[in-house]
Amino acid sequence: MRGMVRAVMISLAVYLSPITGPLASTAIAQAVTILDETFEGDFPEYNGWHLVGSPTWEDVSSLAYAGGYSGYCAGTLSAQGPYVPNMDAWMYYGPFSLADAVAAQVTMMQSYQCESGSDFIKYAVSTDGATFRICNSYSGWNQGWTPLTLDLAATPLGNLCGQPQVWFAVIFTSDFSVEQEGAYVDNIVIQKTLPSPIIRVIGDTDWGNVEVGSTVGMPIDIYNDGQLPLHVTGIT
C-alpha cells in the first residue's frame, strides 16, 4: 500500500512565518528595530539624536565596545576624561511610536567611572518630550563594559506600549568636585514587538487514498484573527 499512495502537503508562504500541514494555527510576534546606534555614523544627526548641555555627548574613538566609536559624556570637550564639574549632559532620541507595540525594550552597553554617590549616568523616558522620568541611574565604577536592558513596558511612567510618542534619554550629571573618567555608551538598540496575525487554515482533510500520478483538489478557508496583515504568497 505504501507504494500506491503519496502524501499530499499544503504549504503556505505567509508574512512572518510559514505554516505547514493541512490544518494549522499560529501566532508569532514580530520584532521591529526602531534604533540601532553604534556611533559609527554621523552622530548625532545620523540617527536623530538631540544634544543638551556643554560639554555634552559626542562620538569618540578613545574607547568602544564594538567598532571604532562609542558615545562619551563629555565628548564635545575631549575624547576621554576627566569630565568637568557641574555637568548636565543629555542625549535624547525621539519621538518614536509604541502605539502598535505589545512589548518594547532598550538594550545597550555601558562603561562608567565617576564619583560614587555624587556623579551619575542616568536613563530616562518621556511621553511629551519635556518631562522625563528616570528609569535607572548608576554611579561609581563598573570596571568595563556591562550590558543594560530597560523594559519600556515597566517604567516610572507605566507601560509605554500603546503610546504614540515616546522619548528616550541618556544623561550624565556631576557635582562641583572630584572628576574622574566619565561614562561611555555603545550599541544602543530600541526594539518593539508587534502583535502578529493569528492564522487559521480550515479545510476538509478526509481525502482518502490518492493514487500515484494523480492529484486532488481541496477548498480551504484562511482566517486572520490577529492585528497585522497576512500576506499569502502561494498555495501549492
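Positions within a chain are numbered from 1, following the residues in the order the chain's sequence is written. Note on the predicted model: pLDDT of at least 70 is required for a residue's local features to be given, and 80 or more for side-chain atom pairs to be given and counted; whole-chain, interface and lining totals, by contrast, use all residues. To obtain the side-chain values, all non-hydrogen atoms of the structure were included, while hydrogens and water were left out.

Quick look at the pairing of strand E8 (residues 88-96)
Most of E8 sits inside the fold, with 7 of its 9 residues counted as buried. One requirement defines pairing of two strands: DSSP has to find at least two bridges between them. Each helix is a run of DSSP H or I of at least 4 residues and each strand a run of E of at least 2, with the numbering of both proceeding from the N terminus. Relative to E8, strand E5 (residues 49-52) runs antiparallel, the two being bridged by 4 bridges. The residue of E8 that forms the bridge with Trp49 is Tyr93. Across 7 bridges, E8 lies against strand E13 (residues 166-173) in antiparallel orientation. The rule is simple: take the accessible area with a 1.4 Å probe, protein chains only, and divide by the maximum for that residue type; under 20% is buried, over 50% is exposed, in between is partly exposed.

Re the sheet that holds E8
Read from one edge of the open sheet, 5 strands run E5-E8-E13-E10-E11, paired in antiparallel fashion. Edge positions in the sheet fall to E5 and strand E11 (133-138), since each has one partner strand and no second. Sheet twist, expressed as the average angle between the axes of neighbouring strands with direction ignored, equals 20°. Note on geometry: axes are lines fitted to C-alpha atoms, helical ones only across the stretch in contact, with angles between N-to-C directions running from 0 to 180 degrees.

Points about the environment of Ser177
With respect to the element layout, Ser177 can be found in the loop between E13 and strand E14 (182-194). Overall, the relative accessible area of 24% leaves Ser177 in the partly exposed class. Expressed as a C-alpha distance, the spacing of Ser177 and Glu115, which sit 62 residues apart in the sequence, is 8.8 Å. Contact criterion: two residues are considered in contact whenever any of their non-hydrogen atoms come within 4.5 Å of each other. Setting aside residues up to four positions removed in sequence, Ser177 forms contacts with Glu115 and Asp119.

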